[in-house]
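Chains, contacts and geometry: an overview
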Amino acid sequence: MASAEAGKAKQVEHLDQVVIRFAGDSGDGMQLTGDRFTSETAVFGNDLATLPDFPAEIRAPAGSLPGVSGFQLHFADHDILTPGDQPNVLVAMNPAALKVNLADLLKGGTIIVNTDAFNERNLQKAGYASNPLEDGALADFHVHEVSLSSMTVEALKEVEGITSREAERSKNFFALGLMSWLYNRPIEGTLGFIETKFARRPEIAEANGRAFRAGWNYGETSEDFAVSYEVAPAKLRPGTYRQVSGNTALSYGLIAASKLSGLPLFLGAYPITPASGVLEELAHLKHFGVRTFQAEDEIAASGAALGAAFGGALGVSTSAGPGVVLKSETVGLAVTLELPLLIVDIQRAGPSTGMPTKPEQADLLMVLFGRNSESPVPVVAASTPAGCFQAAIEAARIAIKYRTPVFLLSDAYLANGSEPWLIPDVADLPDISTTFATEPNDDGGFLPYRRDPETLARPWAIPGTPRLEHRIGGLEKEDETGNVSYDPENHDLMVRLRAAKVAGIAADIPELAVDDPGGADTLVLGWGSTYGAIGAAVRRVRASGRRVAQAHLQYLNPFPRNTGEVVGSYEKVLVPEINLGQLRMLLRAEYLVDAAGYNKVRGRPFRAAELADAISALVDE
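Residues numbered from 1 in each chain as written. Predicted model: local features only at pLDDT ≥ 70, side-chain atom pairs only at ≥ 80, totals over all residues. Heavy atoms only, no water.

What follows covers unusual backbone geometry. Outside of glycine, negative phi angles account for most residues, and trans bonds account for most peptide bonds. Omega for the peptide link from Gly-350 to Pro-351 comes to 5 degrees, which places this bond in the cis form. Along the polypeptide, Pro-351 turns up in the loop between strand E13 (341-347) and helix H14 (364-369). In this structure, the amide linkage connecting Asn-557 to the following residue, Pro-558, adopts the cis form with an omega of -5 degrees. Positive phi is not limited to glycine here, since Ser-352 has a value of about 55 degrees. (Helix = DSSP H or I, 4+ residues; strand = E, 2+ residues; numbered from the N terminus.)

The following block contains the structure:
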């Protein structure tokens, strides 16, 4: 293989940022291709953000529009916040991939297309009446026609032990090699990855490695690619970084919370997209004292997690919206038992099964109110993939300190997306250690519902602790004794105590921070995964000379104690959400603020450009 230095014999053009989308059939390995390109980009030092997009079907019909899988990567020599509004480059492995993604490509953008796939049958499957490579449909773009399939097969004809079909399947590595040459990405990591991943089948490892080298060499030698591109490393904060997805960061955050609290971590989960990645990640990390239990259903998963909490563990149950519905009775039980329990909701498009692999923010009202009776629960929301780490620690801290179930909200965009993560110094992480009750607290007796005067939390007594025997269950408890009680006044007292405990958390969380350049009369207030798009949009609006303030909520129950003051100090408040206005409704009800909403539920993250237009329109009113 030619060296990377030799590749620079061609003209090298310097760019400050690029958005690339890999797209193909769900069996073409686009997620693997995108992930490898991302990993090498992270090693190179660019700031980056990704948006994997894959079908919900396990295996949609080959060549069909619903079967298209995509992976978008935005990388730059400066700080970026989103995976990009529109790709500059589209790598299309078949006609369906081209048709599904062409409308998103910037005019004048580049298309690298696998011409071998553009046969009559595939064109018909994609709904093309004629070949777009020949009928002028792509006149607005720079098109590179590459025979990816046939060149891959030709490059691998001397590899023993693989079939022609297996050889053809290596075309994703040919495409990866070509793109690695085109954007001067490091190659050693990918070659090492191939050797490791396919170590059990050396012939497949050899095939993929050769395909990768063939793609790189094609870029180097082909007259069709006269220019390669460089995007310089970004100037990030000093420290050690790694690429991390939201689900991985969340998993690490749960392990960190376990170590910081001194509690063993127990995960009870039932596989469900897009939350399964947390179960899979933690199942590989049992050497950290993690126990993972794949339950027979969602109810059993949450019940096991609550039982683990009763036994003195950090009990966690992960799911998505449909599964959280089934956990609601267990969460209500945890409210009554007043035990720490962490429920992680990786939101997805609904209702019901909806669009399982697409993101949405529409579970907010459910996690706040989706239980019987008065059963308030704290809610924490992550806002970036890397931020899922700290959000997990904070949610665990609140659950442990206040003896309450806590909801941690993420979504499919955060779960599957990735970005550079500055690995924190362990010494900078908070101490969330707790103590169990070990002695009687009432003249030789034990009152399991006698409360801490500051937090209103009750004692956490491990089963089997001598002289601390006590009753648990879903029936209403008598104040302090924990005995079953049907007394009306006691029930009213217990309902109010549980509500006061959750409300009091507001004094123990940071105030809502506002980024205001000065003189702004418009505030953009968001929560969750809209953080990046809102931030990028606000940058654009300010660059146009308009003044606008921005704030983002991590705590959704209770709200930060200054939230009312913040929203009341601006003439106009815009709340962008990937739902029909759930946070906006809460703000209007709680603070009587006439907030406006920007709401779309398309199963896609917001684009910065569309938000910038909406913000500018409101500022100019």
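Turning our eyes to something else, we now look at the side chain of Lys-358. Residue position: Lys-358 is located in the loop between E13 and H14. Its relative accessible area of 18% is what places Lys-358 among the buried residues. At 2.4 Å, the side chain of Lys-358 forms a polar contact with the side chain of Asp-53. Setting aside anything within four residues of it in sequence, one finds Lys-358 in contact with Asp-53, Phe-54, Arg-348, Ala-349, Ala-412 and Gly-603. (Buried < 20%, exposed > 50% of the residue type's maximum accessible area, 1.4 Å probe, protein only. Polar contact = N/O pair within 3.5 Å; in protein donor to acceptor, adjacent residues only side chain to side chain. Contact = heavy atoms within 4.5 Å.)

Within the largest apolar cluster, 93 residues are counted, with the highest numbers of intra-cluster contacts made by Leu-250, Leu-254, Leu-408, Leu-523, Leu-525, Leu-556 and Leu-583. In terms of residue count, helix H15 (residues 388-402) provides more of this core than any other element does, 11 residues in total. Excluding residues that lie within four positions of it along the chain, Leu-408 makes contacts with Leu-250, Leu-342, Ile-343, Val-344, Asp-345, Val-380, Ala-382, Ala-391, Ala-392 and Ala-395. The next biggest cluster of nonpolar side chains, apart from the first, holds 42 residues, and it includes Phe-71, Leu-73, Leu-148 and Ile-194. (Core = buried A, V, L, I, M, F, W, Y, C linked by side-chain atoms within 4.5 Å.)

Attention now moves to the environment of Ser-529. Take Ser-529: it is sitting in the loop between strand E18 (522-527) and helix H18 (531-543). If near-sequence neighbours (up to four positions away) are discounted, Ser-529 is found in contact with Gln-361, Ala-382, Ser-383, Asp-411, Tyr-413 and Leu-414. Engagement of the side chain of Ser-529 in a polar contact is seen with the side chain of Asp-411, the distance being 2.5 Å.

With that settled, consider a nonpolar patch on the surface. Taken together, the side chains of Ile-299, Val-325 and Leu-326 present a nonpolar region at the surface, about 260 Å² in accessible area. Along the polypeptide, Val-325 turns up in helix H13 (residues 321-337). The partly exposed category is assigned to Val-325, whose relative accessible area is 46%. (Patch = residues over 30% accessible without salt bridge, like charges linked within 9 Å, V, L, I, M, F, W, Y side chains within 5 Å. Areas by Shrake-Rupley, 256 points an atom, 1.4 Å probe, with all protein chains shown as cover. Salt bridge = Lys/Arg side-chain N within 4 Å of Asp/Glu carboxyl O.)

By the element assignment, Glu-480 lies in the loop between strand E16 (418-422) and helix H17 (488-503). Considering only alpha carbons, one finds Glu-480 and Pro-448, 32 residues apart in sequence, at a separation of 6.1 Å.

This brings us to the pattern of salt bridges. One pass over the structure, following the stated rule, counts 32 salt bridges. Between Glu-439 and Arg-467 there is a salt bridge, with the nearest N and O atoms lying 3.0 Å from each other. Within this pair, whereas Glu-439 is found in the loop between E16 and H17, its partner Arg-467 is found in the loop between E16 and H17, the two being separated by 28 residues in sequence. Residue class for Glu-439 comes out partly exposed when judged on its relative accessible area of 49%. For Arg-561, the salt bridge identified is with Glu-511, shortest N-O distance 3.7 Å. Taken together, the residues Arg-561 in the loop between strand E20 (555-557) and helix H19 (563-568) and Glu-511 in the loop between H17 and strand E17 (514-515) connect sequence positions 50 residues apart. Assessed through its relative accessible area of 46%, Glu-511 is described here as partly exposed. Counted as one network, the salt bridges with shared partners bring together Arg-21, Asp-104, Arg-604 and Arg-607.

So, about the sheet that holds strand E15 (residues 405-411). Spatial strand order, E11-E10-E12-E13-E15-E14-E20: 7 strands in an open sheet with mixed pairing. Every interior strand has two partners, whereas the edge strands, strand E11 (290-294) and E20, have only one. Averaged over neighbouring strand pairs, the angle between their axes works out to 20 degrees when direction is ignored. In this sheet, E15 lies alongside strand E14 (residues 379-381) in parallel orientation, the contact comprising 3 bridges. Note on E15: the bridge partner recorded for Val-379 is Phe-407. On the sheet, helix H12 (residues 298-310) packs against strand E10 (265-269), E11, strand E12 (314-319) and E13 and is oriented at approximately 165 degrees with respect to E12. (Pairing = 2+ DSSP bridges. Axes fitted to C-alpha atoms, helices over the stretch in contact; angles between N-to-C directions.)

This part takes up the confidence of the model for the protein. Per-residue pLDDT for the protein averages 96, and the proportion of residues at 70 or more is 99%. Low pLDDT, under 50, characterises residues 1-7; the stretch is placed with 13 contacts to residues that sit more than four places away or in other chains. (pLDDT = per-residue confidence, 0-100.)

Moving on to the side chain of Asn-247. Here Asn-247 lies in helix H10 (residues 246-261). Judged by its relative accessible area of 6%, Asn-247 is buried. Excluding its chain neighbours within four sequence positions, the residues that come into contact with Asn-247 are Pro-274, Gly-277, Val-278, Ile-346, Leu-414 and Ala-415.

So, about a negative patch on the surface. Taken together, the side chains of Glu-134, Asp-135, Glu-145 and Asp-224 make up a negatively charged region of the molecular surface. Its location among the elements puts Glu-134 in the loop between helix H4 (120-125) and strand E7 (142-146). Since its relative accessible area comes to 65%, Glu-134 is described here as exposed. (Lys, Arg positive; Asp, Glu negative; His and termini not counted. Charge placed at Lys NZ, Arg CZ, Asp CG, Glu CD.)

Our next topic: the packing of helix H8 (residues 188-197) against helix H9 (residues 202-221). H9 packs onto H8 with a crossing angle of 160 degrees between their chain directions and a minimal axis gap of 8 Å. Considered as vectors, H8 and H9 are oriented roughly antiparallel to each other. Crossing of H8 over H9 shows right-handed handedness. Contact residues: Thr-190, Leu-191, Ile-194 and Glu-195 in H8; Ala-205, Asn-208, Gly-209, Phe-212 and Arg-213 in H9. (Parallel < 35°, antiparallel > 145°, perpendicular 65-115°, else oblique. Left-handed = near helix turned anticlockwise from the far one by under 90°.)

What follows deals with the pairing of E18. Burial analysis of E18 places 6 of its 6 residues in the buried class, the great majority of the element. Where burial is concerned, the two faces of E18 agree: the one with Thr-522, Val-524 and Gly-526 and the one with Leu-523, Leu-525 and Trp-527 are both buried. Both E18 and strand E21 (residues 572-577) contribute to a ladder of 3 bridges, which runs parallel. Bridge assignment links Val-524 to a residue of E21, and that residue is Leu-574. When E18 meets strand E19 (residues 549-553), the two strands line up parallel, connected through 5 bridges. Its bridge partner lying in E19, Leu-523 is registered against Ala-549. What joins E18 to E19 is H18, and the crossover it makes is right-handed. (Right-handed = clockwise from strand over helix to strand, strands pointing away.)

The relative placement of two aromatic rings is captured by the distance of their centres and the angle of their planes. A full pass over the atoms with the stated rule returns 13 aromatic pairs. Considering the side-chain rings of Phe-75 and Tyr-183, the 6.1 Å spacing of their centres and the 90 degrees angle between planes classify their relative orientation as edge-to-face. One end of the pair, Phe-75, is in strand E4 (residues 68-76); the other, Tyr-183, is in the loop between helix H7 (171-182) and H8, and 108 residues separate them in sequence. Note on Phe-75: relative accessible area 0%, which makes it buried. For the pair Phe-389 and Trp-421, a centre-to-centre distance of 5.0 Å together with 50 degrees between the ring planes defines the contact as tilted. Highlighted residues: Phe-389 in helix H15 and Trp-421 in strand E16, separated in sequence by 32 residues. (Phe/Tyr/Trp six-rings, centres within 6.5 Å; stacked < 30°, edge-to-face > 60°.)

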